[in-house]
Amino acid sequence: MQKILITGGTGFIGSHTVVELVSAGYECIILDSLVNSHAAVVGRIATLSGKTPLLIEGDVRDAACLDALFAAHTFSAVIHFAGLKAVGESVREPLRYYDNNVNGTTTLLAAMAKAGVKTIVFSSSATVYGEPDFSPIPESAPFRPASPYGKSKAMVESILTDLVASDSAWRVALLRYFNPVGAHSSGMMGEDPAGIPNNLMPFVCQVASGRLKTLRIFGNDYPTADGTGERDYIHVMDLAEGHLAALRYLARTDASPLMIANLGTSRGHSVLDVVNTFSRINGMPIPHQFVARRPGDVPAYWADATYAERTLGWKATRSLEDMCRDSWNWQKQNPTGDIG
Ligand code: NAD
Ligand code: UD1
């Protein structure tokens, strides 16, 4: 059985990926500082997958902790989710973001190199493209990250690219996620943002549950079909399957040492599409009002995800209806959002 180290494995995308991997026969060991997640997620993973993954509470910036982990286990690969992800916070606290996301990754890579574990899947983001010239965005589009968060992702991509060039033993997959939403269909795992959510789907869920009164739609004067911003929302279970496909790809003898892929659905949905679909599927009205554009927002973008389909044999299959239904199912069963 292959053992995989999952950093950030109790977080939103990590926990869903662990369920997917364990169900596919991998053994997962989670390293997470719990800065943005709860240890109780492990119990949910166990219920859903039938196995309890080992959780090591630790920080990817702690070299001694990593050395001990690599000495105690023989890993065939690492999936590196651990990092901070709030764009606005990264503008206010850039050093914290560069330390966590960039220094955290170089510390991890040094420990991996020392232990001879040279296969890694990295969580990158469509935010590296900034405001694109056109959509769908291919992987070859120029980088224009606008925030310290986005820049930290672009920096790590460069570091991993240099590493592959320096040593042909490395196998690296850079996965650029578009807008991850949704939850496990059981309603037992989902997104658990601290405080008032910044992102659209968690905000919509909290309006539906009555925790928040009204959704403010940021701008209805964009050059889009209905005037509201368009994004490529992707179901978190599709993303989880994308990680499984990436691991399998990197294990192939003919794999390219550096694989860079967009993970998206290749289509955009407007804010009003999300609101109307959520209301229709869940029978919950979402009171909303139009307000000014949010500074820094891009009018519209979506992925060209055809490379992932060709290379990984992976394609997102879940619809916006699935995303809205599963998000609400999770929120309904966990009204305070908190696991544990
Ligand atoms: P999340 O915050 O739910 O999960 C990240 C996990 O990493 C958390 O459990 C947190 O406790 C842990 N962590 C953070 N810093 C750590 C450190 N230094 N050491 C150990 N653990 C640490 O976020 P997520 O949505 O699951 O995102 C996972 C990854 O995907 C992140 O790298 C994020 O930047 C990236 N990403 C997320 C999105 C998104 O919208 N959710 C989009 C694109 C890329
Ligand atoms: C943001 C991040 C991106 C991250 C993504 C995760 C920025 C600039 N980018 O993208 O790095 O990967 O989240 O999902 O912050 N909206 C409203 N009202 C709300 C919230 C959002 O109208 O209360 C609109 C936004 O204007 C946008 C759309 O909904 O048009 C999606 O917003 P959001 O979920 O925050 O994601 P992004 O801004 O695309």
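To be clear, the structure that these remarks concern was listed above.
Counting restarts for each chain, with residues numbered from 1 along the sequence as it is written. Following the order in which they are written, the chains are lettered starting with A and the ligands numbered starting with 1. Where totals are concerned, whole chains, interfaces and linings use all residues; where local detail is concerned, this predicted model gives features only for residues with pLDDT of at least 70, and gives and counts side-chain atom pairs only at 80 or more. As a rule here, side-chain values cover all heavy atoms of the structure and leave hydrogens and water aside.

**What about the site of ligand 1?**
Stage number 1. One heavy atom within 4 Å of a molecule or strand is enough for the residue carrying it to be called near that molecule or strand. Neighbouring ligand 1 are 27 residues; D32, N36, S37, N100 and Y149 lie closest to it.
Stage number 2. Polar contact criterion, stated in full: a pair of N or O atoms within 3.5 Å, where within protein one must be able to donate a hydrogen and the other to accept it, and residues adjacent in sequence count only if both atoms are side-chain atoms. At 3.0 Å, a backbone N or O of V60 approaches a nitrogen atom of ligand 1.
Stage number 3. To measure how exposed things are, a 1.4 Å probe is used in the Shrake-Rupley method; for residues, cover is taken only from the protein chains shown. Protein chains shield 95% of the accessible area of ligand 1, which is 820 Å² for the free molecule.
Stage number 4. In DSSP terms, a helix is any run of H or I states spanning at least four residues, a strand is any run of E spanning at least two, and both are numbered starting from the N terminus. If one sorts the elements of the shell around ligand 1 by residue count, strand β5 (residues 119–125) sits on top with 3 residues.

**A word on helix α1 (residues 12–23)**
Stage number 1. Here α1 is 12 residues long and its end C-alpha atoms lie 17 Å apart, about the 16 Å a rise of 1.5 Å per residue gives.
Stage number 2. α1 sits mainly inside the fold: 11 of its 12 residues count as buried.
Stage number 3. For every residue, the accessible area (1.4 Å probe, protein chains only) is compared with the maximum for its type, and the residue is labelled buried under 20%, exposed over 50%, or partly exposed between those bounds. Listed in full, the buried residues belonging to α1 are F12, I13, G14, S15, H16, T17, V18, V19, E20, L21 and V22.
Stage number 4. Just past α1, the residue G25 takes up positive phi, approximately 100 degrees. Expected helix span is given by 1.5 Å per residue-to-residue step, counting one fewer step than there are residues.

**Section: the sheet that holds strand β11 (residues 258–263)**
Stage number 1. Strand pairing is defined by DSSP finding a minimum of two bridges between the two strands. Strand order in this open sheet of 7 strands is β3-β2-β1-β4-β5-β6-β11, and the pairing throughout is parallel. In the strand order of this sheet, the two ends are held by β3 (54–57) and β11, each with one partner. Across the sheet, the mean angle from the axis of one strand to that of its neighbour is 20 degrees, orientation sign disregarded.
Stage number 2. As paired strands, strand β1 (residues 3–7) and strand β4 (residues 77–80) are joined by 4 bridges and run parallel to one another. Think of each axis as a best-fit line through the C-alpha atoms, taken over the contacting stretch in the case of a helix, with angles from 0 to 180 degrees between the N-to-C directions.

**A word on the pairing of β4**
Stage number 1. Along β4, one buried face is formed by A77 and I79 and the opposite face, lined by V78 and H80, is buried too.
Stage number 2. Two strands pair when backbone bridges link them, and β4 and β5 are joined in this way by 3 bridges, in the parallel orientation. Opposite V78, over in β5, you have I120 as the bridge partner.

**Let's talk about the packing of helix α3 (residues 63–72) against helix α5 (residues 94–115)**
Stage number 1. For the pair α3 and α5, the least separation of the axes is 9 Å and the interaxial angle reads 35 degrees. For the pair α3 and α5, the crossing hand works out as right-handed. On α5, the residues that touch A63, L66, D67 and F70 of α3 are T107, L108, A111, M112, K114 and A115.
Stage number 2. Each residue receives one of three labels: charged for Asp, Glu, Lys and Arg, nonpolar for Ala, Val, Leu, Ile, Met, Phe, Trp, Tyr, Cys and Pro, and polar for the others, Gly being one of them. Counted by class, the contact of α3 with α5 contains 7 nonpolar, 1 polar and 2 charged residues. By the definition used in this description, the sense in which the near helix is turned from the far one sets the handedness, with an anticlockwise turn below a right angle giving left-handed and a clockwise turn giving right-handed. Here, residues are in contact when the closest pair of their heavy atoms is within 4.5 Å.

**Looking at the packing of helix α7 (residues 200–208) against helix α11 (residues 320–333)**
Stage number 1. Between α7 and α11, whose axes approach to 10 Å, the crossing angle comes to 55 degrees. It follows that α7 is oblique to α11 by the angle criterion. When you trace α7 past α11, the crossing you get is right-handed. The residues of α11 that touch α7, namely those facing M201, C205, Q206 and A208, are M323, C324, S327, W328 and Q331. Geometric relationships in this document are graded by angle, where less than 35 degrees denotes roughly parallel, more than 145 denotes roughly antiparallel, 65 to 115 denotes roughly perpendicular, and other angles denote oblique.

**Details of unusual backbone geometry**
Stage number 1. Here S135 and P136 are connected by a cis peptide whose omega angle stands at 0 degrees.
Stage number 2. Even without being glycine, L34 reaches a positive phi, approximately 65 degrees.
Stage number 3. Relative to the helices and strands, L34 is located in the loop between β2 (27–32) and α2 (41–49).
Stage number 4. Not every positive phi belongs to a glycine, and S266 is a case in point at roughly 70 degrees.
Stage number 5. What makes S266 partly exposed here is its relative accessible area of 31%.

**Some thoughts on the site of ligand 2**
Stage number 1. Looking at ligand 2, there are 21 residues lining it, with L200, R216, R231, R294 and D297 nearest.
Stage number 2. Between an oxygen atom of ligand 2 and a side-chain N or O atom of N179, the distance comes to 3.0 Å.
Stage number 3. R294 places a side-chain nitrogen or oxygen 2.8 Å from an oxygen atom of ligand 2.
Stage number 4. Burial of ligand 2 by the surrounding chains reaches 87%, relative to a free accessible area of 740 Å².
Stage number 5. Counting only elements with at least two residues in the shell around ligand 2, the list comes to β7 (179–181), α7 and β8 (215–218).
Stage number 6. Residue composition of the shell around ligand 2, by class: 11 nonpolar, 6 polar and 4 charged.

Interpretation note: all reported values are geometric properties and have no functional meaning in isolation.
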